[in-house]
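Here is what each chain is made of, one letter per residue.
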Amino acid sequence: MTGMDMPQITDRAALARNRARAEPDALFLQEHAADELQERLNEVNRTFKSVAIVTGFPDFWAARYPDATIVADDETLDLKSQSYDLILHAMCLHWANDPVGQLVQTRHALKPDGLLLCTFLGGQTLHELRASLAEAEAVVAGGLSPRIAPMGEIRDLGGLLQRAGFALPVADATPVTASYVNAFHLMHDLRKMGENNALAQRIKHPTRRNVLTEAACIYADNFRNAENRVDATFEFITLTGWAPADNQPKALRPGSAKTRLADALNTRETRLDRSND
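Residues numbered from 1 in each chain as written. Predicted model: local features only at pLDDT ≥ 70, side-chain atom pairs only at ≥ 80, totals over all residues. Heavy atoms only, no water.

Caption draft 1: Representation of the pattern of salt bridges. With the rule as written, the count across this model stands at seven salt bridges. A salt bridge links Arg64 to Asp35, with the nearest nitrogen and oxygen atoms 2.9 Å apart. Remark: Asp35 occurs in helix 2 (residues 28-42) and Arg64 occurs in helix 3 (residues 58-64); sequence separation between them is 29 residues. Residue Arg64 is classed as partly exposed on the basis of its relative accessible area of 31%. Note that Asp113 and Arg46 form a salt bridge whose closest N and O atoms lie 2.8 Å from each other. Remark: Arg46 occurs in the loop between helix 2 and strand 1 (51-55) and Asp113 occurs in strand 4 (residues 110-121); sequence separation between them is 67 residues. (Salt bridge = Lys/Arg side-chain N within 4 Å of Asp/Glu carboxyl O. Helix = DSSP H or I, 4+ residues; strand = E, 2+ residues; numbered from the N terminus. Buried < 20%, exposed > 50% of the residue type's maximum accessible area, 1.4 Å probe, protein only.)

If you want it as structure tokens, here you go:
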């Protein structure tokens, strides 16, 4: 399937408009992602000399990594083949129409044994808002419309790295909870972050006020915290993978072990009798 044939989940023009309206002092999701990635890099015993960052917020990431090459998260990434020993794919895979294609392009751009760190929002993100809006719209309008991007679940996302050809793939998730006065404050904050609705199939007219009011009431009834505010979950998924190289550790062929496990554990091996099965 070519890029032209790929189902368009995200309206890229709407996404660009949303990001252009984002306010620098509201980018706490980007801040959290940058801090998390830096912590992971601190644990890697390597100095990276050629770094590229794929992002929808170039000014923010350029300030964090002034020596890096900043690349827009377009469908086709402006990355040179085998040119980087580190690529950060920063907080934009959840808007990609072809996430595997994005990862494949980063793998081709990495030098052998180069590292990809890809962080983005996962499927538990804004589950409270998603449920509240769905219930409110069903009650008030008698139907549902696409409002929050269908983000991937951690159990499925690890396989994306393998499909893209990465070695030593790892996927992990970290939930972060933010609190707001009410659901209206959360939705306003999402606009300030540039993370509001950019789905291709979204309704193009303003949402009816009574739908939003009903959603805010449902949200408060179900997700109020001890401080009389409402909680909102942001799930950060991080994918870690290495461009294949000959010097990387590889799994042994089944049956090629030269030492019995029982000997290594200093125990007696007991044969399992399955004759009555």
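Caption draft 2: Main features of the packing of helix 7 (residues 183-193) against helix 8 (residues 209-223). Across the interface, helix 7 lies against helix 8 with an axial gap of 9 Å and an inter-helix angle of 115°. By the angle class used here, helix 7 and helix 8 are roughly perpendicular. In this structure, helix 7 uses Ala183, Phe184, Leu186 and Met187 to contact helix 8, whose residues at the interface are Arg209, Leu212, Thr213, Ala216 and Tyr219. (Axes fitted to C-alpha atoms, helices over the stretch in contact; angles between N-to-C directions. Parallel < 35°, antiparallel > 145°, perpendicular 65-115°, else oblique. Contact = heavy atoms within 4.5 Å.)

Caption draft 3: Layout of empty space enclosed by the protein. Tallied over the full model, the rule gives one cavity of 30 Å³ or more. In this structure, the largest cavity occupies an estimated 30 Å³ of space. Along its surface, the largest cavity is lined by His32, Ala33, Glu36, Arg40, Thr119, Asp172, Thr174, Phe236 and Thr238. Those elements that place two or more of their residues in the lining of the largest cavity are helix 2, strand 5 (167-180) and strand 6 (230-242). Counting residues per element, the lining of the largest cavity draws most heavily on helix 2, which supplies four residues. The residue inventory of the lining of the largest cavity, partitioned by class, reads two nonpolar, four polar and three charged. (1 Å grid on protein atoms, 1.4 Å probe; cavity = no way out; pocket = protein on both sides within 12 Å on 5 of 7 lines; lining within 4 Å. Points joined across faces, edges and corners; volume = space filled by probe spheres on them. Nonpolar A, V, L, I, M, F, W, Y, C, P; charged D, E, K, R; others polar.)

Caption draft 4: Fine view of unusual backbone geometry. Phi is positive for Leu168, close to 50°, though the residue is something other than glycine. Relative to the assigned elements, Leu168 resides in strand 5. A relative accessible area of 40% means that Leu168 is categorised as partly exposed. The backbone phi angle of Asn228 is positive, close to 65°, even though this residue is not glycine.

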